[in-house]
Amino acid sequence: MVRQLARNPLSLAGIIIIFIFAIIAIFAPLIAPTPAGHGDPYLIPRDGYWATPQLPSEEHPFGTTEGQYDIFYGVIWGTRSAFRVGLVVIGIVVVIGIILGSLAGYLGGVIDEVIMRITDIFLAFPALILAMAIVTVMEPSLTSIMIALIVVSWPSYARLIRGDILQVREEDYIEASRGLGASNARVIIRHALPNAIYPTVIMASLDIGAVVLSAAALSFLGLGAPEGYADWGQLTSFARNWIVGPSADPLRYWFAVTIPGLFILFFVLGWNLLGDAFRDIFDPRLARR
Amino acid sequence: MLLLIPVLFGVTVFIFGITMLFSPIERASLYVRSARQMSNLPLIIETYGLDRPFWEQYGTWVSQVFHGNLGWSTVVHMPVWDAIWSFLPATVELAIFATPIIILAGIFLGSQAAAHKDKAVDHLSRVAAIAGWSLPTFWLGLVLLMVFYGYFRGILPPDRLNHQMSIVVNSADFVRYTHINTLDAILNLNGPVLLDALRHLILPVTTLSIVSVAFIMRLMRSSMLESLGKGYILTARAKGLAERVVINKHARRNALIPVITVSGYVFAGLANGVVITETIFTFKGIGWWAAQAATRLDIASVLGFALFNAVLFVGVNLIVDILYTRVDPRVRLGGVMQ
Amino acid sequence: MEDLIRIKDLTVRFYTYEGVVHAIDDLDLDIRQGETLGIVGETGSGKSMTALAILRLIPYPGKIESGSIVFCDKDSSGELELLKLREDKMRAIRGNKISMVFQEPGAALNPVYTIGDQISEVYLLHRRQELGCRARDRVDSLLSDGNGLAAGLKRPFWRWQSRLYSKIAEEPRAVEPRLLNRTPLFRRLLWRLRDEASRLTVNMLKDVEIPDPVRVAAEYPHELSGGMKQRAVIAMALACSPELLIADEPTTSLDVTIQAQMLELFRRIKVDRGASVLFITHNLGVASEVCDRVAVMYAGRLCEVCTIEELFLHPLHPYTRALLDAVPMPGKELQTIPGALADALNPPPGCRFHPRCPSATPLCQQERPKLKLVGKDHMVACYLY
């Protein structure tokens, strides 16, 4: 499978992109060291308190944004935040989805109906709007964003797993397994799930990008990480006031707007390419002749 | 279709459940109808029985909702219900322009990509689709503003209308039939207002559409490819039909079926996108209002907005289901298979 | 008997991811007027590809490398080289002079259009002039018979319709009707064409013995049973009275009882319409019921071509013999053909069958045996003869 991934230029690009981001995240303290005695490394160090962003310079490779937060530091440590949000949310959501989806799909009956109705209720809300409501109700912070996104995302996975389990349940090898005396749990875990896993993997890798996008959007609106936290969405929100520079040089503060956004774009792009590649591999119908 | 009722019921219970996380004083704003009432919250608590058991309160709340009382929006100083209806026209205006673009562009581009599989058009569209799908909407909006408003000196500005045009629109001569600026301008036969409104619409509509166009395009492409691989396509060719007819008449109709099922999600995507897009372009629609409310922790507004969206979404899904049965004869309601 | 189709040196190759597949290798075959020729072989022998090659519908990544397929059209100018024909002229032949019936009727029918629509489509495409004639005649009779106020008001409209349909009947390339057909809303004005096509469709459905044809024409494919679907597909193929009907395993997916009815239908087609049938199957029993002559194919090449009686009485090629032996019979031990099917990517040199042949000689490995005439109307490609 790794060979297949490497063959396709687009998926190769995706893997490389994610790899680069992973390196940045792991080596963040080395790439953008926290000044001595600063405290929480996720709070971006400030070089003064003026509002006007400063152009990139030796000291600040990507410049500073409103309030003199160093952009370079922000985007580097922001990579860690992005990975944290993406992996934690999707990780938990997949687990919840597998548990509830398997129960619903395999046991059927009342349990299935109840779980399905509950997912219907959650799915009746457009995702961002429900997340927004949840974050508003809890105190806005990065953690509440993660909780909100978990609450919003799990229904799709539960449905997906349930659908796959339903399909697989009717297959002969499940009958055979039960004929040999396997218990319900065993059948689910060893037989039904491995086949249901492929669409889940596809959806999960596409969703990591989507989750990070949503988290960034919420942070951008001011509902996420506190001001000055190393988070890409948060950084972009500073740029709102600096879209247009002085009339002589309207694009003066481009770096404040563009750079954090580019990081988000490429991060999500990497995961999307990977998910697309997974889809091409796992979906035999679209395979080349 | 009957499943809608428990879902709507569940939705209301869910929203209400969230409100119960707050103390009676905080919840009071959900029942307030005027500024005067806001200053007398203990009375509200009395009137609506906000210290009674759960189900009693639920009943009170639901009946209030049916009477149009969704509470008071501290952000815009008016009842939530009124706020929704006063900001809705702007959002509808965006939707009117965005929806046909999304549908037509997505379907057209997707068909072209499928018809020219593995050629330049296909690869380009695939890259464009993935890029579009990965774009943070808010960032795209900011960059577009930066370029078209900042760099090009205000060719495409934010907000709905210029200052002058706003005055015109709010004056006595201009009759506001729908509060949708473009429609009103047409109905009032006012060219300058129409042009100005359109100018202000270009950027928000583009920002709003891009992600959805990318999504539809990819779906249409894979759906067309699947359709083109089916047996009836070979039959159609064996009948001597021109390739164009084969694709347009036979393949496309089948390929549209999955796209229609997905249009509910597109609507949800639009609802999400509207919140961000309107905020960036200061386009005062319900998305803008909701975002403002969320930042100021105006619970009544946010929850009212969520409820409104949920009901709307359920309605849209119902329509999509009906459309789906119209298009795919295999799924006709009450059909009997041999 | 004259030839209807003459295939010479046909070679079709598939350029796949894994390598080049020789689907058909230097094939020579003739289909005669009014006969039912069967092509018998296992999966992968190239029989379906031969059919698709005649209609030039070989799917990507396949290519017709070389050869010639000559079609001797009864009514028109004589001989047409199908492989060199311009695409629009080829389209005029497909569904019209040569048509095809596929194996899975369920897959061959488009699920979102009614049966009637799909059959009418063929009439609207290939018999437009005739439809225009009929429509004009109908309008003309309205004009001459119509009495009363209602008729009087509609007269100018009818006169215009009459002119319109005359144009279609006489000048197929006339601008006005073509323009109308292109514009979505005004297309409805040509409804009489569709009406006439429906009448012809219902007649056709009656011909293929579908009960209650009017109702069936309004139904969708999923509402019909397998046998009915196949009849509908046959109706679609026979609509324009083709000179050659190609049937690719038409009975394979049907129940045995329905199969028998279907074969009776094919027999009738030949008699009633004088069409030739190219009947592709892997089932010798079915072939014996319908075919006059049979061609046996293996690994893209012809092994033997002879009449159906000769095939059963005097099978010459070892492969043919093995096929006949392999038919299970009560009391007889089950015979199989040893070895595996020839590898499509790397076929054996010389005679493709030699690794599995009980009478193979060293010569068989070296050079490919050519088709030789042995006896009256019996050809074999084997060094034994």
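Worth saying up front: this structure is predicted, and the values here are computed from it rather than measured.

**Student:** Outline the overall build of chain B, supporting the account with residue identities and numerical values.
**Tutor:** Tallying secondary structure elements over chain B gives 15 helices and two strands in all. Dimensions of chain B, computed from the C-alpha atoms along their principal axes, are close to 80 × 60 × 35 Å. Across the 338 residues of chain B, 53% fall into the buried class. For chain B, contacts bridging at least 24 residues in sequence account for 69% of all contacts bridging at least 6. One finds the centroid of the 25 positive side-chain charges in chain B at a distance of 13 Å from the centroid of its 18 negative side-chain charges.

**Student:** Could you give me a rundown of the nonpolar core, with the residues and numbers involved?
**Tutor:** Ranked by internal contacts, the top residues of the largest apolar core, which has 172 residues, are A:Met132, B:Trp61, B:Phe138 and B:Trp289. The greatest single-element share of this core, amounting to 14 residues, is contributed by helix H11 (residues 254-282) of chain A. Not counting residues within four places of it along the chain, the set of residues in contact with B:Trp61 comprises B:Thr12, B:Ile15, B:Phe16, B:Tyr31 and B:Leu307. Among the nonpolar cores identified, the runner-up in size contains 72 residues, and C:Leu143, C:Leu190, C:Cys306 and C:Cys351 belong to it.

**Student:** Explain the interface of chain A and chain B to me, and be specific about the residues and the numbers.
**Tutor:** Every contact between the two is made by 48 residues of chain A and, on the other side, 50 residues of chain B. When the two sides are added together, the surface that chain A and chain B hide from each other amounts to roughly 4500 Å², 80% of it contributed by carbon and sulfur. Applying the counting criterion to the chain A and chain B interface returns zero salt bridges. Looking at the side of chain A that touches chain B, the elements that each hand over two or more residues are helix H5 (109-123), helix H6 (127-137), helix H9 (184-220) and H11 of chain A. Broken down by element, the side of chain A that touches chain B gets its largest block of residues, 14 residues, from H11(A).

**Student:** Just give me the short version of the packing of aromatic side chains, but keep the residues and values in it.
**Tutor:** Scanning the entire structure with this criterion turns up 23 aromatic pairs over all chains. Between the aromatic rings of B:Phe87 and B:Trp289, the centroid separation amounts to 6.4 Å while the plane-to-plane angle is 15°, which identifies the pairing as stacked. Of this pair, B:Phe87 sits in helix H6 (residues 80-115) while B:Trp289 sits in helix H14 (residues 286-295); the two residues are 202 residues apart in sequence, bridging distant segments of the chain. One exposure class covers both B:Phe87 and B:Trp289, and it is buried. Grouping aromatic residues by their ring pairs yields a cluster made of A:Phe21, A:Phe83, A:Trp232, A:Phe263, A:Phe267 and A:Trp271. Above the ring of C:Tyr113, the side-chain terminus of B:Lys249 is found at 5.3 Å from the ring centroid. Directly above the ring of B:Trp288 sits B:Lys284, whose terminal nitrogen or CZ lies 5.4 Å from the centroid.

**Student:** Account for the sheet that holds strand E10 (residues 301-307) of chain C, with residues named and values stated.
**Tutor:** Residue and element names in this part refer to chain C. Taken in spatial order, the eight strands of this open sheet run E6-E7-E8-E3-E9-E10-E12-E11, and their pairing is mixed. Strands with a single pairing partner mark the edges of an open sheet, and in this sheet they are strand E6 (98-101) and strand E11 (372-373). Strand direction decides the pairing type here: E10 and strand E12 (residues 379-380), joined by two bridges, are antiparallel. Its bridge partner lying in E12, Glu 304 is registered against Val 380.

**Student:** Go over the interface of chain C and chain B with me, naming the residues and quoting the values.
**Tutor:** The interface is formed by 26 residues belonging to chain C together with 22 residues belonging to chain B. When the two sides are added together, the surface that chain C and chain B hide from each other amounts to roughly 2300 Å², 60% of it contributed by carbon and sulfur. Its largest share of buried area at the contact with chain B, chain C owes to C:Val112, C:Glu121 and C:His222, together 27% of the area lost on that side. Linking chain C with chain B are two salt bridges, by the criterion used here. Ionic pairing is found between C:Glu121 and B:Lys249, a salt bridge with its closest N-O pair at 3.2 Å. Put simply, chain C and chain B have 11 residue pairs in polar contact (both at pLDDT 80 or more) between them. For the side of chain C that touches chain B, the secondary-structure elements that each account for two or more residues are helix H3 (105-108) and helix H4 (115-126) of chain C. Ranked by residues supplied to the side of chain C that touches chain B, first place goes to H4(C) with five residues. Here the residues of the side of chain C that touches chain B sort into 15 nonpolar, six polar and five charged.

What counts and how
Residues numbered from 1 in each chain as written. Chains lettered and ligands numbered in written order. Predicted model: local features only at pLDDT ≥ 70, side-chain atom pairs only at ≥ 80, totals over all residues. Heavy atoms only, no water. Helix = DSSP H or I, 4+ residues; strand = E, 2+ residues; numbered from the N terminus. Buried < 20%, exposed > 50% of the residue type's maximum accessible area, 1.4 Å probe, protein only. Contact = heavy atoms within 4.5 Å. Lys, Arg positive; Asp, Glu negative; His and termini not counted. Charge placed at Lys NZ, Arg CZ, Asp CG, Glu CD. Core = buried A, V, L, I, M, F, W, Y, C linked by side-chain atoms within 4.5 Å. Buried area = accessible area lost by both parts, 1.4 Å probe. Salt bridge = Lys/Arg side-chain N within 4 Å of Asp/Glu carboxyl O. Phe/Tyr/Trp six-rings, centres within 6.5 Å; stacked < 30°, edge-to-face > 60°. Lys NZ or Arg CZ within 6 Å of the ring centre and 35° of its normal. Pairing = 2+ DSSP bridges. Polar contact = N/O pair within 3.5 Å; in protein donor to acceptor, adjacent residues only side chain to side chain. Nonpolar A, V, L, I, M, F, W, Y, C, P; charged D, E, K, R; others polar.

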